[in-house]
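Now for the letters of each chain:
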Amino acid sequence: MTSAHSKLYSDDVSLVVVVVDTNPFFWAGAALPFADFLSHLIHFVNSLLLLSNLNHVVIIAAGVSSCAYVFDSGNAGASGAADVAETLGKASRKMEEFIKQDARETASNGTVADGGAASLFSGALSLALCYIQRIFRSGTRHPQPRILCLQGSPDGPEQYVAVMNSIFSAQRSMVPIDTCIVGTQDSAFLQQASYITGGVYMKPQELSGLFQYLAAVFATDLHSRTFLRLPKTLGVDFRASCFCHKKTIDMGYVCSVCLSIFCKYHKKCSTCGCQNSAVSACRI
């Protein structure tokens, strides 16, 4: 297997995998209507494709119960840049079909349907990394990959382990994870993701100008970023979620064998079965 370190990159050519939060419970009360958000997103995607005909953009939708690929510019034609209206129409239809399917799965699974429901970002990040690895193995020369997460719904503490595994996988593969928060709450998970992988974390103040934020900050390729002063993450929340109740905690008990985190003392680690002598209290 060829490692990412031995790959040859094209400095100004990008592979951008965009993870979009399609959580209907969030968008039902969001300040920016989902239709307007999607319009900003499609124009951003087309701007990336117009920067270079070699640029490659993939969109992954993250719902409450599922995630799926909804757009791949590699299928848009030989030019790599499809017509704006055509691209908007195709992506919108696929997005609508995905949202309906995800709503049916959410209803059938009995998932709690409220404003605090989290989107399946752990699965979406896994899909993004799998797609990038497929590009890595397709040849010795490929575009510079990065992931852009557009999140509005709150973090799902139950996804902590899966999200952190994806973050460390991205770090090992040298794939930056950029984050643009379109909701009211910051994301502790994605703050850590951007910090650990060397990506950009930003929470726009005016969502009506979302396209300007995306074009000015997230459209720049990795080579050009070395010459620019991009926003930096301040006050990263490094708190973890406990393995027993999936809640974010400041103080907890950590197993010294498997490093599982618990909010309360356990005589036996539920993850690896280690006895209480190896479980100690510490600040997370």
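Above: the structure in question.
This one's a predicted model, so the numbers in the text were calculated from it and none came from an experiment. (Residues numbered from 1 in each chain as written. Predicted model: local features only at pLDDT ≥ 70, side-chain atom pairs only at ≥ 80, totals over all residues. Heavy atoms only, no water.)

Packing of helix α4 (residues 121–136) against helix α5 (residues 160–172) brings their axes to within 8 Å, and their N-to-C directions diverge by 25°. Considered as vectors, α4 and α5 are oriented roughly parallel to each other. For the pair α4 and α5, the sense of crossing is left-handed. For the pair α4 and α5, contact is made by Ser-122, Leu-125, Ser-126 and Leu-129 and by Ala-162, Val-163, Ser-166, Ser-169 and Ala-170, respectively. (Axes fitted to C-alpha atoms, helices over the stretch in contact; angles between N-to-C directions. Helix = DSSP H or I, 4+ residues; strand = E, 2+ residues; numbered from the N terminus. Parallel < 35°, antiparallel > 145°, perpendicular 65-115°, else oblique. Left-handed = near helix turned anticlockwise from the far one by under 90°. Contact = heavy atoms within 4.5 Å.)

Here strand β5 (residues 177–181) lies mainly inside the structure; 5 of its 5 residues are buried. Neither face of β5 is left uncovered, since the one carrying Ile-177, Thr-179 and Ile-181 and the one carrying Asp-178 and Cys-180 both have all their residues buried. For strand β4 (residues 141–151) and β5, the ladder comprises 5 bridges, and the chain directions are parallel. The partner of Leu-148 across the bridge, within β5, is Asp-178. One crossover worth recording links β4 to the parallel β5 by way of α5, and it is right-handed. (Buried < 20%, exposed > 50% of the residue type's maximum accessible area, 1.4 Å probe, protein only. Pairing = 2+ DSSP bridges. Right-handed = clockwise from strand over helix to strand, strands pointing away.)

In this section: the packing of α5 against helix α6 (residues 188–197). Packed helices, taken two at a time, are described by the angle between their axes plus the distance between the axes. Across the interface, α5 lies against α6 with an axial gap of 9 Å and an inter-helix angle of 15°. The angle between the axes of α5 and α6 places the two elements in the roughly parallel class. Here the hand of the crossing between α5 and α6 comes out right-handed. Together, Tyr-160, Val-163, Met-164, Ile-167, Phe-168, Ala-170 and Gln-171 of α5 and Phe-189, Gln-192, Ala-193, Ile-196 and Thr-197 of α6 make up the contact between the two elements. Of the residues that constitute the contact of α5 with α6, the class distribution is 9 nonpolar, 3 polar and no charged. (Nonpolar A, V, L, I, M, F, W, Y, C, P; charged D, E, K, R; others polar.)

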